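Close look at the chain arrangement
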Amino acid sequence: MKRQGELVALLAKRAHELRLNKDPRPKKIEKLRAFLADPKTGLVGMAPLPLPLNATAVINGIVVEGSTVFSSNMFPLLLRFTTEDGGEFPVIFKDGDDLRQDQLVIQLFTLMYRLLRRENLDLRLTPYNVLATGPTQGMVQFIPSKAIRVIVEEHGTLLNYFRAHHPDEGSVGTYGVEAGVIDTFVRSCAGYCVVTYLLGVGDRHLDNLLVAPDGTSNGSVLRTFSGLLRHKVTSSMLILDIS
């Protein structure tokens, strides 16, 4: 617990400093990587440590060149931790956002998903990890994804995107797309239509509806909540994993 607290405090301090300084983004990225690579931080080759965000992931280092700073207003950090099993666990560390409500809503989604599974109804709801480490800081599991708006701009339609990434020319009734992909996508959409309606999630548009085709998780993942106002969640994102 002590080492986990020290890790969070170390990252929180650096995230806060990088957010407030006036450097352009490339300079922020350079400073972040120099900080991560510094032997004094002990991040590159640390003793095994359960990740505070998800204790089942035991981390033992960080990929310096794979870590970066996002271009959004708060300049959140993308940190790629290495794990004992030889994999990676990418994490977004945010400074300047209150993630306590995000964490609560994710817990509600998890509860709903478990209740649905008890009734043998799997709607591919797989909420990702969120941990508020303070009133204005926290960690979020990073899941690679693409906004539906971008997909439509690049491929014309969502169906064309599915055909490009999960083709099945011999399919019957799925328009040239793997049947499992269509099934997962339909279940995802149906599941999130229900749970977001019950929770009062608003502001749905093609910039905050995302598709994750890389198999990072099974099912659909609710991405980000930025606030509950009058019991209505605004500025959230939904990630639909179709793999």
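The structure this text deals with has already been given above.
The text that follows walks through the structure, step by step, so that each part is easy to find. (Residues numbered from 1 in each chain as written. Predicted model: local features only at pLDDT ≥ 70, side-chain atom pairs only at ≥ 80, totals over all residues. Heavy atoms only, no water.)

Here we look at the pattern of salt bridges
In plain terms, the rule: Counted as salt bridges are all cases of a side-chain nitrogen of Lys or Arg within 4 Å of a carboxyl oxygen of Asp or Glu. Summary of the burial criterion: residues with accessible area below 20% of their type's maximum are buried, those above 50% are exposed, and those between are partly exposed, where the area comes from a 1.4 Å probe applied to protein chains only.
Counted by the stated rule, this structure contains 13 salt bridges. Its salt-bridge partner being Arg-80, residue Glu-88 comes within 4.0 Å of it at the nearest N-O pair. Looking at Glu-88, the relative accessible area reads 45%, which means it is partly exposed. According to the relative accessible area criterion, Arg-80 is partly exposed, its value standing at 22%. One salt bridge in this structure joins Asp-122 and Arg-124, with 3.0 Å as the shortest N-O distance. By relative accessible area, which is 19% here, Arg-124 ends up buried. Within this structure, Asp-122, Arg-124, Asp-183 and Arg-187 form a network of salt bridges that share partners.

Re the packing of aromatic side chains
Put simply, the test is: Here is the rule: rings of Phe, Tyr and Trp (six-membered ring for Trp) pair when centre to centre is within 6.5 Å. Planes less than 30 degrees apart are stacked, more than 60 are edge-to-face, and the remainder are tilted. Whether a charge sits over a ring depends on NZ of Lys or CZ of Arg being within 6 Å of the ring centre and within 35 degrees of the ring normal.
The full count for this structure, using the stated rule, is four aromatic pairs. A network of ring pairs unites the aromatic residues Tyr-161, Phe-162 and Phe-185 as a single cluster. One Lys or Arg, Lys-28, reaches over the ring of Phe-75 and ends 4.5 Å from the middle of that ring.

Considerations on the state of the cysteines
Keep this limit in mind: Cysteine sulfur atoms that pair up within 2.5 Å are treated as a disulfide.
Scanning the model with the defined rule gives zero disulfides in all. Looking at the unpaired Cys-189, the closest cysteine sulfur is the one in Cys-193, lying at 6.4 Å. Assessed through its relative accessible area of 27%, Cys-189 is described here as partly exposed.

Bear in mind that shape data such as this cannot, by itself, settle questions of function.
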